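Coordinate inspection notes
Chain by chain, the residues:
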Amino acid sequence: MAETTPVERLTEEEARTELDRLAALLHRANRAYHGEDAPDLSDAEYDALKRRNAEIEARFPALKRSDSPSDQVGAAPAEGFSKVAHEVRMLSLGNAFDEDDVRDFDERIRKYLGLGGGAALAYTAEPKIDGLSLSLRYEAGRLVQAATRGDGALGENVTANARTVTDIPQEIEDAPEVLEVRGEVYMSHVDFEALNARQEAAEAKTFANPRNAAAGSLRQLDPAITAARPLRFFAYAWGALSAPLAETQLGAIRRLGELGFVVNPMTRRCESVAELIAHYREIEQARATLGYDIDGVVYKVDDLALQGRLGFRSTTPRWAIAHKFPAELAWTRLEGIDIQVGRTGALSPVARLTPVTVGGVVVSNATLHNEDYIAGRDAKGGEIRGGKDIRVGDWVQVYRAGDVIPKIADVDLSKRPDEATPFVFPTRCPECGSEAIREEGDAVRRCSGGLICPAQAVEKLKHFVSRAAFDIEGLGAKQVEQFYRDGWIKEPADIFELRDNYGSGMKQLKNREGWGEKSADNLFAAIEDKRRIPLAKLIFALGIRHAGEVAARDLALHYRDWQAMAEALDVARPAARAHRAADEAEEAERQAAEAEGRRARVSDTRAAAVAAQDVPEAAATAWADLIGVDGIGAVLGLSLSDAFANPQERAAIDKLVAKLSIVAPDAPAADSPVAGKTVVFTGSLEKMTRAEAKARAESLGAKVSGSVSAKTDILVAGPGAGSKATKAAELGILTFDEDGWLTLIGDA
Ligand code: IVH
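Notes on the overall build of the protein chain
Secondary structure summary: the protein chain contains 26 helices and 24 strands in total. Since a compact globule built from 748 residues should have a radius of gyration of about 27 Å, the 29 Å found for the protein chain is in line with a globular shape. Counting only C-alpha atoms, the protein chain reaches 95 × 65 × 65 Å along its principal axes. Restricting to contacts in the protein chain with at least 6 residues of sequence separation, those with at least 24 account for 67%.

Structure representation (structure tokens):
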């Protein structure tokens, strides 16, 4: 057989067959590896196959395949599964860590719905399964598609694999025409142990925990492998539906049970926070005997009409929360403290630990937060851990909760080595040597090197290509690091010149180790594909401090156009400067007042500082407009202003933008009479809460602002409206009472 024949004895025909076989094996192994699943091959086997492939290619260069594994260091894993757009986004859950958080959750909901503390409000409580979520689409009772969550909007099509899971019915009776059932794929403890034993016997990689095993098994490219892996499924939610399942969450879950899905037997209806907590305790008690991993309890508002009114924040529902189990703990030795420099220059201390198992996962790094945390102080100078500092050589307590990065909770002074000395936090950037500055009121020390700091530049680039930003297929963190190191990509604009610079000529991408003609072409195409980019993604991708996904979306919806935003920031700059001067003056006044034992004159001080700056009218208006955007305040305003005013950073931004075609956000529902209008709510509302009013207005395409200005189109004034109503009247702004507003938007 060709497989065992030494390379020097292979005939040409055998060599061709053998190269085909090796390509198939190695591509599969690459995909398994990059999908973070257990590879079917051990590292040694993988290396041996790769070597054999290279030797055959060396002997028969003409037979080298165009997709030869020699040219690939696992660059393109994504071809594995096709992508599926979720008709209804798959969301995640907010977290509660203690009973207070649960009470806050209940209060938030009551407030949003305008329910008093005494009004009845029921919830369901059920175990939070530690697996991976899956959406199953049934049409006319037949399973037609199964998709992973992916980024919530776009998942992976794993239909063939889902069909091998026995808990997932292929056909259901008496179901709505369209029904998307959502739930968790998981592996039981017994099945997990048995799988790992089999993997070990086969010298294949074992899994760290049941969740990884479930994920790895579901995301196999070969459904036959998935079929051999014992996966299970609990149904707990739904997506698209052609007809409602029930009127309550519990009713809907019962209905899913009747349709043939496995639903969790520990799901209960609870009438109060006290009942939620009691059921949480019950589930916590049962945890060890369930036979599968859970990491908390999920609470959901039972009434589906109320769920509908509550709706969603950007990535989580308002009507549900996950109450997580407490973190798991272990003690180990702190071997060293490294300083990492992030995208915004933040110097983050990382604990290097003697590896220790915490809750089934081996931990060797943990965050130490910032210099105060190491010193045993909180942000206000108070003691934490009873004031104990953390030193290299100490015994420290590590904890992790769910997926969160492990943290250091405590230190055992009785085991402190005599020679241990307090940790001295660097005041220079370890990456570029620039001064690292800690600003007043900031817990974090930051490198002042900006883009000259290689660590900041690389982290900014990684952020730029990340999934929620440009998401360029084939250009991940690893590739960006390599390209940066070799000087191929120094700033985002360079990405869009990659083909011009390295598609032909002396140095070519396809000749780099790990790349080939095909993967290079794929990357160039993927980059071209992203030249058209939605405004919100572009803003987020710039990696400006405080400008997260939600803020970027708010900015995009407000300005609707890149040029408009850039100009507004330029115009507003003197006002931003004045705002900062006022902040500094305020801080100085507070300190002086404290020293002199008098009350601080904050507003006078601020006003004087602003007056001294002589801000042009246009700047003041542009600044007020910027920080008046709901969800955007002075902190983000200053950060944006700084980024756009910094010459290096601005040059990089302008260079990038010149290469892109920026897509404006979808025009708001044009048929709504308030679409595109800026609305301010003031006074008390009686038929809806403020939050509900805002969400409703935004869903109709209106912008909701917190303050009245010349840009305000509509003021909705309830009883008790004060200065805002007066100002609106002065400016001649259209004003409605609550009923008038509801009539206007057709909700009366
Ligand atoms: S409800 C719209 N219920 O937890 C909310 N999620 O941390 C839909 N999960 O992505 C989720 N058990 O994968 C819900 N009983 C349960 C759950 C559950 C596990 C997962 C789910 C979700 C994640 C959020």
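Quick word on the site of the ligand
Around the ligand sit 15 residues, and of these Glu 126, Ile 129, Glu 184, Tyr 236 and Lys 300 come closest. Arg 149 places a side-chain nitrogen or oxygen 3.3 Å from an oxygen atom of the ligand. Residue Glu 184 places a side-chain N or O atom 2.8 Å away from an oxygen atom belonging to the ligand. Counting residues per element, the ones that place at least two in the shell around the ligand are strand S3 (123-129) and strand S10 (294-301).

Observations concerning helix H13 (residues 477-485)
Buried within H13 are the following residues: Gln 479, Val 480, Phe 483 and Tyr 484. All buried residues of H13 project into a common sector of 130 degrees when viewed along the axis, lining one side. Tucked into the core, H13 has its buried residues touching helix H12 (454-465), helix H15 (498-502) and helix H16 (517-529). Phi for Gly 487, located one or two positions after H13, is positive at around 80 degrees.

As for the sheet that holds strand S4 (residues 132-139)
Judged by pairing direction, the sheet is antiparallel, and its four strands sit side by side in the order S5-S4-S7-S8 without closing on themselves. The open sheet is flanked by strand S5 (142-148) and strand S8 (232-241), the only strands paired with a single partner. Adjacent strand axes in the sheet meet at a mean angle of 30 degrees when their direction is disregarded. Pairing of strand S7 (residues 178-186) with S8 involves seven bridges; the strand directions are antiparallel. Bridge pairing links Leu 179 to Leu 241 in S8. In this fold helix H6 (residues 210-218) packs onto S4, S5 and S7, with an angle of close to 40 degrees to the strand it touches most, S4. Strand contacts of helix H8 (residues 249-258): S7 and S8, with the helix running at about 115 degrees to S8, the strand carrying the most contacts.

Points about the side chain of Glu 589
Relative to the assigned elements, Glu 589 resides in helix H19 (residues 562-596). For Glu 589, a relative accessible area of 11% translates into the label buried. When residues no more than four places from it in sequence are discounted, the contact partners of Glu 589 are Arg 598, Arg 599, Ala 600, Arg 601 and Thr 605.

Considering H16
Between its first and last C-alpha, H16 extends 18 Å over 13 residues, near the 18 Å set by a 1.5 Å rise per residue. Of the positions making up H16, those classed as buried are Ser 519, Ala 520, Leu 523, Phe 524, Ala 526 and Ile 527. One face of H16 carries all of its buried residues, which in axial projection span an arc of 160 degrees. Those residues of H16 that are buried lie in contact with H13, helix H14 (492-495) and H15.

A word on the nonpolar core
Ranked by size, the top nonpolar core spans 63 residues in total, and within it Ile 495 and Trp 562 carry the most contacts. The leading source of residues in this core is H19, at eight residues. Residues within four places of Trp 562 in sequence aside, it is in contact with Leu 535, Leu 538, Ile 539, Leu 542, Phe 644, Ile 653, Val 657 and Ile 662. Ile 168, Leu 179, Ile 253 and Leu 256 belong to the second largest nonpolar core, which has 33 residues in total.

Conventions we followed
- Residues numbered from 1 in each chain as written.
- Predicted model: local features only at pLDDT ≥ 70, side-chain atom pairs only at ≥ 80, totals over all residues.
- Heavy atoms only, no water.
- Helix = DSSP H or I, 4+ residues; strand = E, 2+ residues; numbered from the N terminus.
- Rg over C-alpha atoms; globule rule 2.2 N^0.38 Å.
- Contact = heavy atoms within 4.5 Å.
- Near = heavy atom within 4 Å.
- Polar contact = N/O pair within 3.5 Å; in protein donor to acceptor, adjacent residues only side chain to side chain.
- Buried < 20%, exposed > 50% of the residue type's maximum accessible area, 1.4 Å probe, protein only.
- Arc of directions from axis to C-beta.
- Pairing = 2+ DSSP bridges.
- Axes fitted to C-alpha atoms, helices over the stretch in contact; angles between N-to-C directions.
- Expected span 1.5 Å × (residues − 1).
- Core = buried A, V, L, I, M, F, W, Y, C linked by side-chain atoms within 4.5 Å.

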